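Remarks on the overall topology
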Amino acid sequence: MMFVKRAFLLLIITLPLFAGVKHLTLNHAINILKKDNLELKVARFNEQMKAYEAKAAKGHNYGKLDVTLMGMRSNDAGNVFGFKLQSREANFGDFGAQEFFENFNAGRDPFTPPPSRLNYPKARNHFQTKFSYMLPLYTGGKLTEYGHITNSLYHMSKFDTKKLLNEKIFQTKKAFYDISLVEHYITNLSKIIRNIGKLESIVRNMQKEGYAKNIDLLEVQARKAEAQSMYNQAKLNKDLAYQFLSFLLNTEVSSIKRMNDTAPMPRVTKNSLESNNIDIQKALLGLQITKMAVNVEKANFLPTVGAFAEYSSADNVLWNEFLDKDAYTVGVQVKWNLFNGGIDAANLEKAKVHYLMVNDQVELAKKGIALKAKKLKTEILSANADIQSYKKQLRFAKKVYENYRARYKEGMVSISDVLIKQSKELEVLLKSLTAKNTRNTKIFELEALINKQKSASVYNVEKIVKPTETNSTITKGEKI
């Protein structure tokens, strides 16, 4: 019994931990989204990798320093003699001088017999420590452009993250407004169900007095069951919206602060689109990358200059008399390709054509985004008109229903006529809900299009793209 009490107490204590966030506001939800959304975390990891790639590309400008430690043993004549030369221990005896004088003193031919000590040396150990440094002095600007390209690709990944963030903000806002709409819908359905309940009571009373038939009561009860089914379905949709919101935020959400059922209309200008739209900014950055690629191809027609330096020490004992047996080598190399069958020229022309193609794609992106913004705005204005119309129709439908219910009590109309008018009210309510949902969706798409959540951390393409290179035909401040 004591165990049951403790378990019950533990359940009561831990229950709030699983209840989720309550009365969540939209701004707070967006902050949670930016911090905890798993897809955004993955995108930021991709950003970090691109940043390291840019850092690695920059590192090529500083050259390369290697240290090599070799340990060998050989009785090969060439190797042993070379080992002795590297360790500065070669002597005349290694050339067969001693054997030459022995044969000369003995009266034998001193030149013909091969020197045994040179051709059949004893095995020798060899340890060499070498420091090598290579530095590119001039590459025709190729390394510089590669650095700019990788840095631009890093900022391109930041644009991708920002676009994903806008998409997730769009989904979060839509979830908030969907929940608010469905809660408003549930409230109206509850009123309709209560009205049907009142109608059911009227029919029951009239049936007792002999003014209504049993079929009238069954018809009302069928309509009530239909409305109750719609009410239950709306509650399930609400739960599903909360589950999706919890998935987006990677945080359990149990309730939100209800929003107005219609989102405010953002102000859109062509200038704001060109300045903030992420697809246009990505296209402009892509244009700049293609220009860098042209410069890379131009570098193939220029010479490359590199410097190198080596410092080493070798002996048959590791690090023995290191400074006494050290050696160095320094040098400069110039390499210039004079002919390769026109490959470089063809690649350069290809890069130029690609630049022209991307330049037209930028203009196409600008015009396409402007057209999409106009289309969204038109659809929003159309939805506004529908919503206003449905408001008036809903008020009228309610009045008609009330009028027919009163007339039914007087025996002037049938129960079917009353339920038809009640169905009309429900139909208009559904149409109003659909129009508001469509309008909100278009509003959020438009906000994503103009990058309403623009962050100061987003890369500004204008820093690397000159105004004359954007071929802009959009007048500043001009409304769509």
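None of the values given here were measured: they were computed from a predicted structure.

**With respect to the sheet that holds strand S1 (residues 64-74)**
Read from one edge to the other, the open sheet built from 4 strands follows the order S1-S2-S3-S4, with strand pairing classed as antiparallel. The open sheet terminates on both sides in strands that have one partner only, identified here as S1 and strand S4 (326-335). For this sheet, the mean angle separating the axes of adjacent strands, direction not counted, is 20°. Relative to strand S2 (residues 124-138), helix H4 (residues 77-86) is tilted by about 65°, and along the sheet it contacts S1, S2 and strand S3 (304-315).

**A word on empty space enclosed by the protein**
Counted under the stated rule, the structure contains 2 cavities of 30 Å³ or more. A volume near 70 Å³ is recorded for the largest cavity. In terms of lining residues, the largest cavity is bounded by 10 residues, among which Ile169, Lys173, Phe444, Glu447 and Ala448 are the most central. Those elements giving two or more residues to the lining of the largest cavity turn out to be helix H7 (142-208) and helix H12 (415-449). For the lining of the largest cavity, the leading source of residues is H7, giving 4 residues.

**Some remarks on the environment of leucine 143**
Along the chain, leucine 143 turns up in helix H7. Taking the relative accessible area as the measure of exposure, leucine 143 reaches 18% and is therefore buried.

**Quick look at the pattern of salt bridges**
Per the stated rule, a full pass over the model turns up 22 salt bridges. Salt-bridge contacts for arginine 223 lead to glutamate 226; the nearest nitrogen and oxygen are separated by 3.2 Å. Of this pair, arginine 223 and glutamate 226 are both found in helix H8 (residues 214-249), 3 residues apart, which corresponds to roughly one turn of the helix. Between lysine 325 and aspartate 315 there is a salt bridge; the shortest N-O distance is 3.0 Å. Here aspartate 315 lies in strand S3 and lysine 325 lies in the loop between S3 and S4, a separation of 10 residues in the sequence. According to the relative accessible area criterion, lysine 325 is buried, its value standing at 8%. Look at aspartate 315 and you get buried, because its relative accessible area is 1%. Here the salt bridges share partners, and the residues they tie into one network are Glu89, Arg124, Asp315, Glu321 and Lys325.

**Quick word on the side chain of threonine 161**
If you trace the backbone, threonine 161 turns up in helix H7. At a separation of 2.8 Å, a polar atom in the side chain of threonine 161 contacts the side chain of glutamate 47. Discounting chain neighbours no more than four positions away, the residues touching threonine 161 are Leu40, Ala43, Arg44 and Glu47.

**Let's talk about a nonpolar patch on the surface**
Together, Leu137, Tyr138, Phe301, Leu302, Val332 and Val334 give the surface a local cluster of nonpolar side chains, amounting to about 560 Å² of exposed area. Within the secondary structure, valine 334 sits in strand S4.

**Some words on the packing of aromatic side chains**
Applying the stated criterion to the full structure yields 5 aromatic pairs. Pairing tyrosine 177 with phenylalanine 444 gives two aromatic rings, centres 5.1 Å apart and planes at 55°, and the pair type is tilted. With tyrosine 177 in helix H7 and phenylalanine 444 in helix H12, the pair connects residues that are 267 residues apart, well separated along the chain. The pair tyrosine 177 / phenylalanine 444 is uniform in exposure class, with both members buried. Aromatic pair tyrosine 311 and phenylalanine 322: ring centres 6.3 Å apart, planes at 55°, arrangement tilted. One end of the pair, tyrosine 311, is in strand S3; the other, phenylalanine 322, is in the loop between S3 and S4, with 11 residues separating them in the sequence. Linked through ring pairs, Phe170, Tyr177 and Phe444 together constitute an aromatic cluster.

**Description of the nonpolar core**
Leu189, Leu199, Val203, Val220, Tyr408, Ile415 and Val418 are the most contacted members of the largest nonpolar core, which has 33 residues in total. Counting residues per element, this core draws most heavily on H7, which supplies 11 residues. Every residue in contact with isoleucine 415, bar those within four places of it in the chain, is listed here: Leu199, Val203, Asp216, Glu219, Val220 and Tyr408.

**Considering the packing of H7 against helix H11 (residues 343-409)**
Where H7 meets H11, the axes come as close as 11 Å, and the angle between the chain directions of the two elements is 10°. Relative to H11, the element H7 lies roughly parallel. Residue-level contacts link Asn188, Asn195, Ile196, Lys198, Leu199, Ile202, Val203 and Met206 of H7 to Lys398, Tyr401, Arg405, Tyr408 and Lys409 of H11. Across the contact of H7 with H11, the residue classes tally to 7 nonpolar, 2 polar and 4 charged.

**What about the environment of isoleucine 387?**
With respect to the helices and strands, the residue isoleucine 387 is situated in helix H11. Under the relative-accessibility criterion, isoleucine 387 is labelled buried at 4%.

**Section: unusual backbone geometry**
Of note, the phi angle at tryptophan 319 is positive, near 55°, even though the residue is not glycine. Tryptophan 319 sits in the exposed class, given a relative accessible area of 54%. One non-glycine residue with positive phi stands out, namely glutamate 321, at about 50°. Mapped onto the secondary structure, glutamate 321 falls in the loop between S3 and S4. Classification of glutamate 321 by relative accessible area gives partly exposed; the value is 42%.

**Points about a positive patch on the surface**
Taken together, the side chains of Lys191, Arg194, Lys198 and Lys398 make up a positively charged region of the molecular surface. Top contributing element to the positive patch by residue count: H7, with 3 residues. Tracing the backbone shows lysine 398 in helix H11.

**Some thoughts on the pairing of S2**
Of the pairings in the sheet, the one linking S1 to S2 comprises 11 bridges and is antiparallel in character. Along S2, the bridge assignment pairs methionine 70 with glutamine 128.

**Some remarks on the environment of alanine 97**
Here alanine 97 shows up in helix H5 (residues 97-105). Of the residues examined, alanine 97 reaches a relative accessible area of 23% and is grouped as partly exposed. Spatially, the C-alpha atoms of alanine 97 and proline 110 are 9.6 Å apart, while their sequence positions differ by 13 residues.

About the cut-offs
Residues numbered from 1 in each chain as written. Predicted model: local features only at pLDDT ≥ 70, side-chain atom pairs only at ≥ 80, totals over all residues. Heavy atoms only, no water. Pairing = 2+ DSSP bridges. Helix = DSSP H or I, 4+ residues; strand = E, 2+ residues; numbered from the N terminus. Axes fitted to C-alpha atoms, helices over the stretch in contact; angles between N-to-C directions. Contact = heavy atoms within 4.5 Å. 1 Å grid on protein atoms, 1.4 Å probe; cavity = no way out; pocket = protein on both sides within 12 Å on 5 of 7 lines; lining within 4 Å. Points joined across faces, edges and corners; volume = space filled by probe spheres on them. Buried < 20%, exposed > 50% of the residue type's maximum accessible area, 1.4 Å probe, protein only. Salt bridge = Lys/Arg side-chain N within 4 Å of Asp/Glu carboxyl O. Polar contact = N/O pair within 3.5 Å; in protein donor to acceptor, adjacent residues only side chain to side chain. Patch = residues over 30% accessible without salt bridge, like charges linked within 9 Å, V, L, I, M, F, W, Y side chains within 5 Å. Areas by Shrake-Rupley, 256 points an atom, 1.4 Å probe, with all protein chains shown as cover. Phe/Tyr/Trp six-rings, centres within 6.5 Å; stacked < 30°, edge-to-face > 60°. Core = buried A, V, L, I, M, F, W, Y, C linked by side-chain atoms within 4.5 Å. Parallel < 35°, antiparallel > 145°, perpendicular 65-115°, else oblique. Nonpolar A, V, L, I, M, F, W, Y, C, P; charged D, E, K, R; others polar. Lys, Arg positive; Asp, Glu negative; His and termini not counted. Charge placed at Lys NZ, Arg CZ, Asp CG, Glu CD.

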